[in-house]
Amino acid sequence: MLIGSDILPSIIKLGLEKHISGNLLAQNTEFGWIISGKPSPNSVVTFASWSNNTDPINEELKKFLELETIPNEKSLSAADIWCEMFYKNTVNRRSDGRYIVRLPFIPDLPTGKHLGSSRRSAMGPILRMEKTLEKNPDLASEYISVLSEYLTLGHMSPTTSSEIIENDRFLSFYLPHHAIVKPERTSTKVRVVFNASKRTESGQSLNDILYTEPTLQNDLMNIVLKWRFFKYVFNGDIQKMYRQILVHEDDQQFQRVLFRTSPAEKVQDLCLKTVTFGVNCAPYLAIRTLHQLSEDCSISHPTAACILKNQTYVDNILSGAHSLIEAKSHLHELIELLNSAGFPLKKITSNHSQILNNLPPEDLLSEDFLRIEDLSETKTLGIQWNAMVDFFFYKVTPIDLPTTSVTKRRVLSIVAKLFDPAGWLTPIIVVAKVLMQQLWIDGTNWDEEIKPNSFEIWKSFILNLSDIHHIKFPVGLNSPLKVEFKFTGFAMHQKRPTVPVCTFVPSLKIMSSTQTY
């Protein structure tokens, strides 16, 4: 970080350490410790200082507050237009129906913005991961199993250990990887995460030279709201969606990894052959490919093509119909369309057993779904759904009630994890938001205990939070078919009480008036 000397006095904190690595001086600051002095050439071969002020709670708070933000209509940028043209000109479909895509490298990169050697820097995380796995045999087994599956399914293949260099530029890249454990998941509890943002020796990473945009994601709440209009609903996940899309052979060398099943073995050099989570353009490539499948099959599978484009959130599909016959037909057509491109639909659920009849047991979320109430629960786009009683509800992890006080960091960490995209819990969550404002007004620091008045509000909030699981919302709106609906959203404005900002008109024909409050 490069800062002006005029602000240096305002960031210095208590804490001074002398004689670091000889004659260096360490001073504590708002951004962490800074090192100054002249290193001894006899004792220091390589010297580097790195400071990171990224706090995970900042990202959590940002997402929490953005849930209520009305999205702006985004116009396409030059980069967006380039990416769309690039995708259309380079996408291909194999004879078996699978799609092959290219990575959207930024054309005409500035001089000096290119990849350097990355194999050596990718080796360090692997060795550290192995030490972690040695202490946890169960995690080691899961981790090795996940990566071994890549080889078994043909999603990864051996390559050479020599990095590809042309005109002093590296045309290969090694992705460091590590494990993420999600114990609440019903299927794979260990996920391997690949890091395409790791800097190479040139200072650039793979993500630095790839386009990320455009964003094609459907609005989460629009998906949920549309779903509620259907009397009979179903949903499912596209299994390993990213990994069902192939990356062109010329680009696979930018997705190299190092792997071995035990420290006693020799490290293998492998390349990932499919769209890889962690590469910044992966979400765009995956969703754009679903849209391409929708376009390619709009005549042969018109209903399924519409569902795929308008009722899909990443790999999760929520759709339905107003009759059982239609619902079963829509689901069958959707499965047929997805299978034609190698996208298997799994974890299928519904609010009626007839819709699930004749489906293979391995494609269902559970064979006992809609037979036992406790086994008919699932999470749909972050909201709990019990299909047997057909209600949305919320689950909150129990929070220990503080006896004396609590820090601001702890309060905000808990509040930021409350996920309510529909706004159904607003009367409860607004209390937490008012408290957040008060903590800043009080001037409470992150790791400082909050003031007594705020603490009492916090205790009351925690006590009420435990009752959230009693709140239930019906999934279906049970609306008549031949009427017309209009939804109008309102946002507060400084000059007038309310301003209509968006209108959502579903395919149903329902009429109602809007009112300004």
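Keep in mind that what you see is a predicted model, and the values were worked out from it rather than measured.

Engineer: When you look at unusual backbone geometry in this model, what are you seeing that I'm missing?
Structural biologist: The phi angle of most residues is negative, glycine excepted, and most peptide bonds adopt the trans form. One non-glycine residue, Lys240, lies in positive phi territory at about 50 degrees. Inspection of the secondary structure puts Lys240 in the loop between β11 (232-238) and β12 (246-247). Owing to a relative accessible area of 28%, Lys240 belongs among the partly exposed residues under this scheme. One non-glycine residue with positive phi stands out, namely Val314, at about 55 degrees.

Engineer: Help me understand the sheet that holds strand β2 (residues 24-29) in this model?
Structural biologist: The pairing of strands in a sheet happens through backbone hydrogen bonds and is either parallel or antiparallel. Across the sheet, three strands lie side by side as β1-β2-β3; this open sheet has antiparallel pairing. In the strand order of this sheet, the two ends are held by β1 (12-20) and β3 (32-36), each with one partner. Strand-to-strand, the axes of this sheet are offset by a mean angle of 20 degrees, without reference to chain direction. Pairing analysis gives five bridges linking β2 to β3, with the strands arranged antiparallel. Within β3, the residue paired with Thr29 across the bridge is Gly32.

Engineer: Which parts of the structure should I look at to understand the pairing of strand β19 (residues 383-386)?
Structural biologist: Here is the key point about a regular strand: its side chains alternate between the two faces of the sheet. Residues Ile383 and Trp385 point to one face of β19 and Gln384 and Asn386 to the other, with burial holding for every one of them. As paired elements, strand β18 (residues 377-380) and β19 share four bridges and run antiparallel to each other. From the neighbouring strand, Lys379 faces β19, where its bridge partner is Gln384. If you look at the hairpin formed by β18 and β19, you'll find two residues sitting between the two strands, and Leu381 has a positive phi there, around 50 degrees.

Engineer: Honestly, the pattern of salt bridges in this entry has me stumped. Any pointers?
Structural biologist: Think of it this way: side chains of opposite charge can pair up when their charged atoms draw near. Going through the model one piece at a time under the given rule, you end up with 14 salt bridges. Of the charged contacts in the structure, one is a salt bridge between Lys88 and Glu84, with a shortest N-O distance of 3.8 Å. Of this pair, Lys88 and Glu84 both sit in helix α3 (residues 78-90), four residues apart, which is roughly one turn of that helix. Residue class for Lys88 comes out partly exposed when judged on its relative accessible area of 49%. A residue is classified by how much of its surface remains accessible, and Glu84, at 22% relative accessible area, is partly exposed. With its nearest N and O atoms 2.9 Å apart, the salt bridge here joins Arg119 to Asp269. You can see Arg119 sitting in helix α4 (residues 119-134) and its partner Asp269 sitting in strand β14 (residues 268-272), a full 150 residues away along the chain. The same class applies to Arg119 as to Asp269, namely buried.

Engineer: Looking at this model, I keep getting lost on the confidence of the model for the protein. Mind explaining?
Structural biologist: Close inspection of predicted coordinates is inappropriate for parts of the model with low pLDDT. Averaged over every residue, the pLDDT of the protein is 82; residues scoring 70 or more account for 82%. Within the model, pLDDT remains below 50 along residues 43-53, and this stretch shows nine contacts once partners closer than five positions in the same chain are excluded. In the model, residues 493-517 has pLDDT below 50 throughout and makes 60 contacts with residues more than four positions away in sequence or in other chains.

Engineer: Sorry if this is basic, but what is going on with helix α6 (residues 220-228) here?
Structural biologist: Residues separated by three or four positions in an α-helix point in the same direction, a consequence of the helix having 3.6 residues per turn. Along α6, the positions that sit buried rather than exposed are Leu220, Met221, Ile223, Val224, Trp227 and Arg228. What you see down the axis of α6 is that its buried residues fit within an arc of 155 degrees, all on one side.

Engineer: Mind showing me how you'd approach the sheet that holds strand β16 (residues 316-321) here?
Structural biologist: Across the sheet, four strands lie side by side as β15-β16-β11-β17; this open sheet has antiparallel pairing. Strands at the two margins of the open sheet, each flanked by one partner only, are β15 (312-313) and β17 (345-350). Of the pairings in the sheet, the one linking β11 to β17 comprises four bridges and is antiparallel in character. Note that in β17 the partner of Asn235 across the bridge is Thr349.

Conventions and cut-offs
Residues numbered from 1 in each chain as written. Predicted model: local features only at pLDDT ≥ 70, side-chain atom pairs only at ≥ 80, totals over all residues. Heavy atoms only, no water. Helix = DSSP H or I, 4+ residues; strand = E, 2+ residues; numbered from the N terminus. Buried < 20%, exposed > 50% of the residue type's maximum accessible area, 1.4 Å probe, protein only. Pairing = 2+ DSSP bridges. Axes fitted to C-alpha atoms, helices over the stretch in contact; angles between N-to-C directions. Salt bridge = Lys/Arg side-chain N within 4 Å of Asp/Glu carboxyl O. pLDDT = per-residue confidence, 0-100. Contact = heavy atoms within 4.5 Å. Arc of directions from axis to C-beta.

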